[in-house]
Amino acid sequence: MKLPGLTQAFLGLALAAAGGVTAETRLPVGDPQAGEAVYARCLACHALAYNRTGPKHCGLLGRRAGSVPGFEYSDAMKRVNWVWDRKTLDRFLADPMKTVPGTTMGYAGVKDRQERADLIAYIEQAGNSAECRNH
Amino acid sequence: MHTRIQVRNTSLPTIQGVETRRSFLGKSTLLLSGAAIFLLAGREARAKVNDASASDVRVLNSALGAELEAVAAYQVGAESGLLQKPVLNLAVTFQGHHKEHADLLAKTIVKLGGKPVSAKEKYGFPVETLKTQADVLRFAAMLEKGAVSAYLGAVPVLDSRDLAQAAASILGDEAMHWAVLRNALGEEPVPSAFMS
C-alpha cells in the first residue's frame, strides 16, 4: 500500500529519530505518472510552458539556474552557479529555502525522496512532450 | 502551441456587473477580514525588518503573486461566456475571496517593512484549452488545489506563528474552493483524508 506523503514523512521522522534511517545519496528511480500527481502541488505558481509566479518548467533539466528569459529571479537564484539536473533538483526540492537562502520559492519542500524522484521524472518526461516542444 | 489571452492589469481586476453581490459579500466577510488584519498586523514590534521577517515577506509575496493571478484567472473564466449561473456566481464569490487574500497579504507585507508585488500587466492563460464550462471549472480547480499545496508548504516556513495561522486560514478557504469546484464537476468533493 502506498502511504500518503504526509504519513511517510511522519514515519520517516520517527524512524530517523530512532536512529533507524541513514541518509541515502542516490536518487531512487522515479515514476513519471506518480510524479504528475506530485506536480499538482506546483500548479499554484508554475506551469510547464509559460512563466507564472515561478518560472516555466519546459527545458528545466540541463538549464542553468536563474536563466529563463523574461522571468524576474531573486538575487539569490541569480547567484546560484549550477545547472538543473537530477541531483541539483533533488537537493533544491528537498528544502528550497535552505538550499538557496533568499529564494522567492517560499515552500517547505518535497520531503519524501521517492516523491522527489517521481516529480523529477515527470518534469524530465514532460520536457519531451508536445506542449514543451512547441515552446 | 498555446494561444494565450492577455489580461490587462486593472490594478486588481474584478468581475463587472456584480456590485450588489460583491457589496453583500463584502459585508458578510467584514468581520473576518478585520480579525485577520488584526491577526496579521497586530504586532507592531515586528515592523522592523530582520532576517526572519525578510524571509516571511518573501513567502508572503510569493503567495500574493499567486493570489493576484487567481483573481485574473477567475476574470478570464467569468468573461469567457462559458459559465452559467449558479456556477458563474461561484466564480464571482471565489474571485472576491482571492481579492481579499491579496489585499490582506499586501497590507501585511507593508506592515513588515516589505514591498508587495503588483499584479502583472498581463497574464498568459492557455485559453485554447477552455471550450466548455467544465474546462473552466477544471482549470480553476487545478489552480485552487495548487494553492492549497502552496500554503501547506508556506505554513511551516513562516517565522511568525501568527502569520502561519493566518496562512492556514487562507489554506482552508482555498481547500473549500477546490472541493466545491470538484462537486460542481460531479467529482468526489473531498477525495482523500490528507492534502499534500
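What counts as what
- Residues numbered from 1 in each chain as written.
- Chains lettered and ligands numbered in written order.
- Predicted model: local features only at pLDDT ≥ 70, side-chain atom pairs only at ≥ 80, totals over all residues.
- Heavy atoms only, no water.
- Salt bridge = Lys/Arg side-chain N within 4 Å of Asp/Glu carboxyl O.
- Helix = DSSP H or I, 4+ residues; strand = E, 2+ residues; numbered from the N terminus.
- Buried < 20%, exposed > 50% of the residue type's maximum accessible area, 1.4 Å probe, protein only.
- Polar contact = N/O pair within 3.5 Å; in protein donor to acceptor, adjacent residues only side chain to side chain.
- Contact = heavy atoms within 4.5 Å.
- Buried area = accessible area lost by both parts, 1.4 Å probe.
- Phe/Tyr/Trp six-rings, centres within 6.5 Å; stacked < 30°, edge-to-face > 60°.

**Here we look at the pattern of salt bridges**
Consideration 1: Following the criterion strictly, the structure yields 10 salt bridges over all chains and no others.
Consideration 2: A salt bridge links Glu69(B) to Arg52(A), with the shortest nitrogen-to-oxygen separation between them at 2.9 Å. With one member in each of two chains, Glu69(B) in helix H3 (residues 51-79) and Arg52(A) in the loop between helix H2 (32-39) and helix H3 (75-79) form a pair that bridges those chains. You'll find Glu69(B) and Arg52(A) in the same group, each marked buried.
Consideration 3: Residues Lys111(A) and Asp95(A) are paired through a salt bridge, measuring 3.9 Å at the closest nitrogen-oxygen approach. On the criterion of sequence distance, the pair formed by Lys111(A) in the loop between helix H5 (96-99) and helix H6 (113-126) and Asp95(A) in the loop between helix H4 (86-94) and H5 is long-range, its members being 16 residues apart.
Consideration 4: Of the residues examined, Asp95(A) reaches a relative accessible area of 24% and is grouped as partly exposed.
Consideration 5: Via salt bridges that share partners, Asp90(A), Arg113(A) and Arg116(A) belong to a single interconnected network.

**Notes on the side chain of Thr103(A)**
Consideration 1: Of note, Thr103(A) is situated in the loop between H5 and H6.
Consideration 2: Looking at Thr103(A), its side chain comes within polar contact range of the main-chain nitrogen of Met105(A), at 3.1 Å.
Consideration 3: Excluding its chain neighbours within four sequence positions, the residues that come into contact with Thr103(A) are Ser74(A), Ala76(A), Met77(A), Phe92(A), Pro96(A), Met97(A) and Arg58(B).

**Description of the interface of chain A and chain B**
Consideration 1: The interface is formed by 24 residues belonging to chain A together with 27 residues belonging to chain B.
Consideration 2: Of the roughly 2100 Å² buried at the junction of chain A and chain B (both faces included), carbon and sulfur atoms supply 60%.
Consideration 3: Its largest share of buried area at the contact with chain B, chain A owes to Arg41(A), Tyr50(A) and Arg52(A), together 26% of the area lost on that side.
Consideration 4: Where chain A meets chain B, there are one salt bridge.

**Considerations on the packing of aromatic side chains**
All names here are of chain B.
Consideration 1: Applying the stated criterion across every chain, the model contains seven aromatic pairs over all chains.
Consideration 2: Pairing Phe125 with Phe139 gives two aromatic rings, centres 6.0 Å apart and planes at 80 degrees, and the pair type is edge-to-face. Of the two residues, Phe125 is situated in strand E2 (residues 124-125) and Phe139 in helix H5 (residues 133-154); the sequence distance between them amounts to 14 residues.
Consideration 3: For Phe125, a relative accessible area of 1% corresponds to the buried category.
Consideration 4: For Phe139, a relative accessible area of 13% gives the class buried.

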